Amino acid sequence: MANNEPVGRLATAFSPFAIGSRTLKNRFIRSATWDGMAGSQGEICPAHHRLYTDLAAGGCALLTSGYTYVSLEGRQHPGQAGLDHEQLIEPLAHLAATVHQHRALLFIQLVHCGGLADPKLSGQPAIAPSAIGHPLFPCRPTALTPADIKRLISSFASAARRAKEAGCDGIQLHAAHGYLISQFLSPALNCRRDDFGGSIRNRFRFLEECYLQVRQEVGRDFPVTIKINGQDYLDGGLTLEESMEIGQRLVELGLDAIEVSGGTKISSRKQPVIRNIDEPGKEAYFLAEAAAIQQAVDIPVITVGGIRSPQTITAIGDRKIPFIALCRPLIREPALINRWQDGDLSPARCISCNGCFKPAYQGKGIRCSRS
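A few points on the structure. It should be emphasised that the depicted structure is a prediction, and the values quoted were computed from it without experimental measurement.

### Some thoughts on the state of the cysteines
Throughout the structure, instances matching the rule amount to zero disulfides. Counting only cysteine sulfurs, Cys327 is the nearest neighbor of Cys60, a cysteine outside any disulfide, at a range of 11 Å. For Cys60, a relative accessible area of 1% gives the class buried.

### Focus on the pattern of salt bridges
According to the stated counting rule, one finds 20 salt bridges in the structure shown. For the salt bridge of Asp278 with Lys282, the shortest nitrogen-to-oxygen distance reads 2.9 Å. Judged by relative accessible area, which is 35%, Lys282 ranks as partly exposed.

### A word on the environment of Ile337
Inspection of the secondary structure assignment puts Ile337 in helix α12 (residues 336-341). Taking the relative accessible area as the measure of exposure, Ile337 reaches 0% and is therefore buried. When the C-alpha atoms of Ile337 and Gly219 are compared, they prove to be 32 Å apart, with 118 residues separating the residues in sequence. If sequence neighbours within four positions are ignored, Ile337 has contacts with Phe14, Asn26, Phe28, Gly58, Gly59, Cys60, Leu326 and Leu330.

### Some points on the packing of helix α8 (residues 240-253) against helix α9 (residues 287-296)
With their axes 9 Å apart at the nearest point, α8 and α9 run at an angle of 40° to one another. Comparing their axes, α9 and α8 come out oblique. Our pair here, α8 against α9, has a crossing hand that is right-handed. Contacts between α8 and α9 pair Leu240, Ser243, Met244 and Gln248 from the former with Glu289, Ala292, Ile293 and Ala296 from the latter. Of the residues in the contact of α8 with α9, the class split is five nonpolar, two polar and one charged.

### Observations concerning the side chain of Ser71
Within the secondary structure, Ser71 is located in the loop between β5 (68-69) and α2 (89-100). A distance of 2.8 Å separates polar atoms of two side chains, one belonging to Ser71 and the other to Glu73.

Parameters at a glance
Each chain has its residues counted from 1, running along the sequence as written. Local features in this predicted model are restricted to residues of pLDDT 70 or higher, and side-chain atom pairs are both shown and tallied only at a pLDDT of 80 or more, whereas totals for entire chains, interfaces and linings draw on every residue. Only hydrogens and water are set aside when side-chain values are computed; all heavy atoms of the structure are taken into account. For the purposes of this analysis, a disulfide is any pair of cysteine sulfur atoms at a distance within 2.5 Å. Throughout this description, buried means an accessible area under 20% of the type-specific maximum (1.4 Å probe, protein chains only), exposed means over 50%, and partly exposed covers the range between. By salt bridge we mean one thing: a side-chain nitrogen of Lys or Arg within 4 Å of a carboxyl oxygen of Asp or Glu. Only DSSP runs of H or I with at least four residues qualify as helices, and only runs of E with at least two residues qualify as strands; both kinds are numbered from the N terminus onward. Whether two residues are in contact is decided by their heavy atoms, any of which lying within 4.5 Å being enough. Only C-alpha atoms enter the line fits that serve as axes; for helices the fit covers just the stretch in contact. Angles between N-to-C directions range over 0 to 180 degrees. These descriptions rest on fixed angle ranges, namely under 35 degrees for roughly parallel, over 145 for roughly antiparallel, 65 to 115 for roughly perpendicular, and the rest for oblique. Each crossing gets its hand from how the near helix is turned against the far one by less than a right angle, where anticlockwise is left-handed and clockwise is right-handed. Gly counts as polar in this scheme, as do all residues outside two lists: the nonpolar Ala, Val, Leu, Ile, Met, Phe, Trp, Tyr, Cys and Pro, and the charged Asp, Glu, Lys and Arg. Between N or O atoms, a polar contact is any pair within 3.5 Å; within protein, one atom must be a potential hydrogen donor and the other a potential acceptor, and residues adjacent in sequence are included only when both atoms are from side chains.

As structure tokens, this is what we get:
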């Protein structure tokens, strides 16, 4: 089958659609994936160019970078990329140019890992909204002071500016999975009694001020998106109703798109990366939350979570969600999207074993252990 004639109901997934000022050539997005390939200072390395060349040539319209720290004390893993100083702009610019050669776009996901950060990587204590011991955290973090909060908001804005200066096409604020922004949003992790804790309005304040300062740095025409938990799946955590309210408020502020994920690594029912997705009924495990948020907002929603088959992609389209994000399937098959567009509609070969992360922990970079 010709490359521009995908089969039947899947055709919509190969039609263009916009996120803010950027038009994507299709509806497929590579969701942010830690790759363990960055240098000791967080710099982009040659291995990134090989990985992103394969992904861009493989058919995804938009590649979201691995989570990129905005401040050194927010770093969680070795090999995690950073964007916390000016010297990192040039290596990132070369990566953006590589992606653009294949008609794909590059968004940088910005994160501070908060209480999940590793003090051994920065030499600084972990910091979080509240100094609480929690099973999610490897150690008890230090509570953020008002001065810390102001500094971190500026760190997100400065990193966003650097992404724009590097020629990237947009940014994504990581507000999911129990990292710093998610910690502010979650009543299970935020016990503050000041303007940044308590009500959902106060817990939203850190994200709101981050967004506003980021927008001031990058301008209205540069896409700014967010990844957020539909629910935390933690006792006393963020609820779907609160996430819908947050989404509506972000739309009022000018956000361009929302990727809906969920949970943390210790959440009870659903976690961000679930194993053994071996049938369509197990796929798209955050679809219900994504559909609810899409009904509440008038900007594009991106759904992620165990999507493996064209059958599931058509079901996502039926729920009026315009974008599909994939992570692990593209580690095994970087050209999966081209394969589907060419007419081979067999499911992704990924078996959701999570073996791809083991080499990254060993300093060898993320790769499929079975291909």
